[in-house]
Amino acid sequence: MDYYQYSIATASAEWAEIVMAELGDLPFDTFEETPKGLEAYIQVPACDEDVEEAIATLQLQYNFTFERKFIPHQNWNAVWEANFQPIIVDNFCSVRASFHAPIEGVKHDLVIDPKMAFGTGHHETTYMMMQLMEEIDFLDKKVFDYGCGTGILAILAEKLGATQLDAVDIERPSYESTVENAEINDCHAINTVHGTLDSIKTTGYDVILANINRNVILASLPRLAEQLAPNGILLLSGILQQDEDILVEGIAEAKLNFDSLLNRGKWLALKVRKSDSIA
């Protein structure tokens, strides 16, 4: 698939975070932070008049400049390989590409070849999700990764002992990336689905992982609450600090209990729990 690369220059790193969150509501599927702001990638067919109008509106609102560059499909691997460096989340886990050497001194060494899918651990939201996962008992648990991206969180959940896992993403490249990365990491318990939340009919999940964006999370909270088992845990990220209150309100409306949160940069990750009794 051919892509457009939008190189966006903002007045500050804070504005870059906000613009990235706003673009997340459009059909952009990959973002990279840069010293000047960010780079955003969108499939050429998805870049229609509505997207261009939305970008123009955001440009007026947040006062950024941008350049658009055509990225042919065959050049994409070179783009991400040149920019993808391994990361380490404390001594808990590492994330590297297949062309990197194994990382020593961590409990779980994950190999993620992202291609055009989001989720390498570099972004604050994915990093915090992995931090929160370290605190959870996944042994023999039933897990749902909603908006799986590269499959990184589902893969980590299986490494931590989960035995029944579903992963779904609306983007075809994310579905394909999850299948490929699960195989690379010798994970065989992940059922990957190309579709929406409605594609997953299963309930009784012990843990649900949702690293998406504010609007999708808010719209999905009632359904995610239904899919959780009593005393089940829901981890949420893709949320800016400024949106904490609206997320906490949505959590309460879905009859879920706020547990704790992490913050990193301008982003939040929240741990939510369902009551151990069914109302």
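Heads up: the structure comes first, above all this text.
To keep things clear, this report deals only with the structure shown in the data block.

Reading the values: the criteria
- Residues numbered from 1 in each chain as written.
- Predicted model: local features only at pLDDT ≥ 70, side-chain atom pairs only at ≥ 80, totals over all residues.
- Heavy atoms only, no water.
- Helix = DSSP H or I, 4+ residues; strand = E, 2+ residues; numbered from the N terminus.
- Rg over C-alpha atoms; globule rule 2.2 N^0.38 Å.
- Buried < 20%, exposed > 50% of the residue type's maximum accessible area, 1.4 Å probe, protein only.
- Patch = residues over 30% accessible without salt bridge, like charges linked within 9 Å, V, L, I, M, F, W, Y side chains within 5 Å.
- Areas by Shrake-Rupley, 256 points an atom, 1.4 Å probe, with all protein chains shown as cover.
- Salt bridge = Lys/Arg side-chain N within 4 Å of Asp/Glu carboxyl O.
- Lys, Arg positive; Asp, Glu negative; His and termini not counted.
- Charge placed at Lys NZ, Arg CZ, Asp CG, Glu CD.
- Expected span 1.5 Å × (residues − 1).
- Arc of directions from axis to C-beta.
- Contact = heavy atoms within 4.5 Å.
- Phe/Tyr/Trp six-rings, centres within 6.5 Å; stacked < 30°, edge-to-face > 60°.
- Lys NZ or Arg CZ within 6 Å of the ring centre and 35° of its normal.
- Core = buried A, V, L, I, M, F, W, Y, C linked by side-chain atoms within 4.5 Å.

Attention now moves to the overall build of the protein. Scanning the protein from N- to C-terminus turns up eight helices and 14 strands. At 18 Å, the protein has a C-alpha radius of gyration in line with the 19 Å of a compact globule built from 279 residues. The principal-axis extents of the C-alpha atoms in the protein amount to approximately 50 × 45 × 35 Å. Counting over 279 residues, the protein shows a buried share of 52%.

As a further point, take a negative patch on the surface. On the surface, Asp48, Glu49, Asp50 and Glu53 cluster together into a patch of negative charge. The exposed category is assigned to Glu49, whose relative accessible area is 60%.

With that out of the way, let us pick up helix H2 (residues 49–62). Taking 1.5 Å of rise per residue, 14 residues should cover 20 Å, and H2 covers 20 Å from first to last C-alpha, within 8% of that figure. Residues Val51, Ile55, Leu58 and Tyr62 constitute the buried set of H2. Buried residues along H2 cover an arc of 65° about the axis, so they all sit on one side. Away from its buried face by more than 90 degrees, H2 exposes Glu49, Asp50, Glu53 and Leu60. Against strand S1 (3–9), helix H1 (13–23), strand S2 (28–34), strand S3 (37–43) and strand S4 (65–71) lie the buried residues of H2.

Tallying each qualifying case throughout the model produces seven aromatic pairs. Geometrically, the ring pair formed by Tyr4 and Phe70 is edge-to-face, given 6.2 Å between the ring centres and 70° between the ring planes. Of this pair, Tyr4 sits in strand S1 while Phe70 sits in strand S4, placing them 66 residues apart in sequence. You can call Tyr4 buried: its relative accessible area is 17%. Relative to Phe66, the ring of Tyr6 has its centre 5.4 Å away and its plane inclined at 45°; by these criteria the two rings are tilted. Of this pair, Tyr6 sits in strand S1 while Phe66 sits in strand S4, placing them 60 residues apart in sequence. The partly exposed category is assigned to Phe66, whose relative accessible area is 31%. Lys142 extends its terminal NZ or CZ atom over the ring of Tyr205, reaching a point 5.6 Å from the ring centre.

Attention now moves to the nonpolar core. Within soluble globular proteins, side chains that are nonpolar tend to cluster in buried spots. Ranked by internal contacts, the top residues of the largest apolar core, which has 56 residues, are Tyr6, Leu23, Phe28, Leu38 and Met130. Non-local contacts of Leu23, meaning those with residues more than four positions away in its chain, are made with Ile8, Phe28, Phe31, Leu38, Ala40, Ile55 and Leu58. With 23 residues, the next largest nonpolar core counts Tyr146, Ile208, Leu221 and Ala254 among its residues.

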